[in-house]
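Each chain, written out:
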Amino acid sequence: MKWRTYPADVLPLWVAEMDVPLAEPVVRAVTEALALGDTGYPAGTAYAEALAGFAEKRWGWDGLAVERTAIVPDVMLGVVEMLKLVTGHGDPVVVNSPVYPPFYQFIEHMDRQVLEAPLGADLRIDLDALEDAFRQAVTGGRRAAYLLCSPHNPTGTVHTADELAAVAALADRYGVRVIADEIHAPLTLPGADFVPYLSVPGGERGLSLMSASKAWNLAGLKAALAIAGPAAAADLARLPEEVGHGPSHVGVIAHTAALAEGTAWLDALLTGLDANRRLLTGLLAEHLPALSYRPGEATYLAWLDCRGLGLGEDPAQVFLERGRVALNSGIPFGTGGTGHVRLNLATSPEVITEGVRRMAAALA
């Protein structure tokens, strides 16, 4: 999709897919499965066990209980299933805009109401805005959920333990159920520490979705895990059995190998992404000084404020038409997205350099 959606003369720096060779343990595990003809239905808890081991080593979190997990097809379909467990038709779901566009699409498609609590000017959670949204969400005794993006896409913000504890306290006060999309958690860059939502005080009633797909570039091998806090175990237990039929068995094998054996590859990747982040910062300062960029602490996505360039509400369209470089338009990310673009820096330094050159040429 990344390289084939646009004509050949367009440089793609958009969809969240990396230009990297796969981790060798993943290739080996999938190749062995195919050689065995092991391409049936998924079973067992190896994926959850691998994630629990990774979480303990990586984040110092020993609270991921395998018995409180379930395999789901992917993170967004898992989000849908978790929302079905804790909300009903027409109920509100709070999101922090600007945020990953499928949040809006999936919530609305399942007949829930999106309620925005925009991020603050510092691109962090605005607790006052969040409380206002929670208060509005539960008006009239309605059930409500909060879909937390952690780390945040598109800004790359890593929420602190104090911020997440404050979120949990607000959710408890208003009776709002928290569902955390933590797919980018392994992609936390040097200088920041990821904190699992279920690990903070008050997070016991939360539900989380995690996957190896973003960090190890496995989007085409579908598999994710739903994880329940101790006080949400009964909710997860109500997940229909057929949901577990959706993930790819080969996907589960790949994700398990990534988490169990792919940490050296991940560390090398993070080093490269950090270098690309610094490269992009320098290139933008040199060639597009009127563009504002606050480097993220996680993900391989850069959220660029182009309002100072005078390109109108949708600068991505201008960069595409005049510069032949494809970026994500900020508009589908909701309130706060107008005049912004999202750039994917998970590619070679040469591609990033050429991408910025084309962006600058679009202004000529």
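Cut-offs applied
- Residues numbered from 1 in each chain as written.
- Predicted model: local features only at pLDDT ≥ 70, side-chain atom pairs only at ≥ 80, totals over all residues.
- Heavy atoms only, no water.
- Buried < 20%, exposed > 50% of the residue type's maximum accessible area, 1.4 Å probe, protein only.
- Helix = DSSP H or I, 4+ residues; strand = E, 2+ residues; numbered from the N terminus.
- Pairing = 2+ DSSP bridges.
- Right-handed = clockwise from strand over helix to strand, strands pointing away.
- UniProt positions renumbered as here; feature names shortened; annotations may be inferred.
- Axes fitted to C-alpha atoms, helices over the stretch in contact; angles between N-to-C directions.
- Contact = heavy atoms within 4.5 Å.
- Polar contact = N/O pair within 3.5 Å; in protein donor to acceptor, adjacent residues only side chain to side chain.
- Phe/Tyr/Trp six-rings, centres within 6.5 Å; stacked < 30°, edge-to-face > 60°.
- Salt bridge = Lys/Arg side-chain N within 4 Å of Asp/Glu carboxyl O.

Visitor: Residue-level account of the pairing of strand S6 (residues 177–181), with values.
Guide: Across a regular strand the side chains alternate sides, sitting on one face of the sheet and then on the other. Within S6, five of the five residues are buried, which leaves the element mostly enclosed by the surrounding structure. With burial as the criterion, each face of S6 is covered, one bearing Arg177, Ile179 and Asp181 and the other bearing Val178 and Ala180. Direction of pairing for strand S5 (residues 145–149) relative to S6: parallel, over a ladder of five bridges. Bridged to alanine 145 within S6 is arginine 177. Once the chain exits S5 it traverses helix H6 (residues 161–174) before rejoining the sheet at S6, and the crossover so formed is right-handed. Inspection of the sheet shows S6 paired to strand S7 (residues 207–210) by three bridges, in the parallel sense. In the sheet register, isoleucine 179 faces S7, and the bridge partner there is leucine 207.

Visitor: Describe the UniProt feature "domain: Aminotransferase class I/classII large" (unreviewed entry) in the protein chain, and please don't skip the residues or the numbers.
Guide: When the UniProt feature table is mapped onto this chain, "domain: Aminotransferase class I/classII large" (unreviewed entry) is found at residues 69–358. Helix makes up 37% of residues 69–358 and strand 16%, whereas the separation of the span's terminal C-alpha atoms amounts to 45 Å.

Visitor: Please set out the sheet that holds strand S4 (residues 113–116) residue by residue, giving values where relevant.
Guide: Paired through backbone hydrogen bonds, the strands of a sheet run either parallel or antiparallel to each other. Here we have seven strands laid out as an open sheet, ordered S2-S8-S7-S6-S5-S3-S4, and mixed in their pairing. Each edge of the open sheet is held by one strand with a lone partner, namely strand S2 (69–72) and S4. Direction aside, the axes of adjacent strands within the sheet are offset by 25 degrees on average. The strands touched by helix H5 (residues 127–137) within the sheet are strand S3 (92–95), S4 and S5, with S3 carrying the most contacts at an inclination of about 175 degrees.

Visitor: Break down the side chain of arginine 277 for me, citing the residues and quoting the values.
Guide: Here arginine 277 is to be found in helix H9 (residues 263–287). On the basis of relative accessible area, arginine 277 is assigned to the buried category, the value being 13%. A distance of 2.4 Å separates polar atoms of two side chains, one belonging to arginine 277 and the other to aspartate 274.

Visitor: Describe the packing of aromatic side chains, naming the residues involved and giving the relevant values.
Guide: Tallying each qualifying case throughout the model produces seven aromatic pairs. Consider the rings of phenylalanine 54 and tryptophan 59, whose centres lie 5.4 Å apart with planes at 90 degrees: the pair is edge-to-face. Take phenylalanine 54 and tryptophan 59: they sit in the same class, and that class is buried. Pairing tyrosine 100 with phenylalanine 103 gives two aromatic rings, centres 5.9 Å apart and planes at 80 degrees, and the pair type is edge-to-face. A relative accessible area of 0% means that phenylalanine 103 is categorised as buried. Aromatic rings pair up to connect Phe54, Trp59, Phe194 and Trp216 into one cluster.

Visitor: Give a description of the pattern of salt bridges that names residues and reports values.
Guide: Summed over all chains, the structure comprises 20 salt bridges. Here aspartate 74 ties to lysine 222 by a salt bridge, and the two come within 3.1 Å at their closest N and O atoms. With a gap of 148 residues between them, aspartate 74 in the loop between S2 and helix H3 (75–86) and lysine 222 in the loop between S7 and strand S8 (224–228) connect regions that are remote in the sequence. In this structure aspartate 74 comes out as buried when scored by relative accessible area, which is 17%. Lysine 222 sits in the partly exposed class, given a relative accessible area of 40%.

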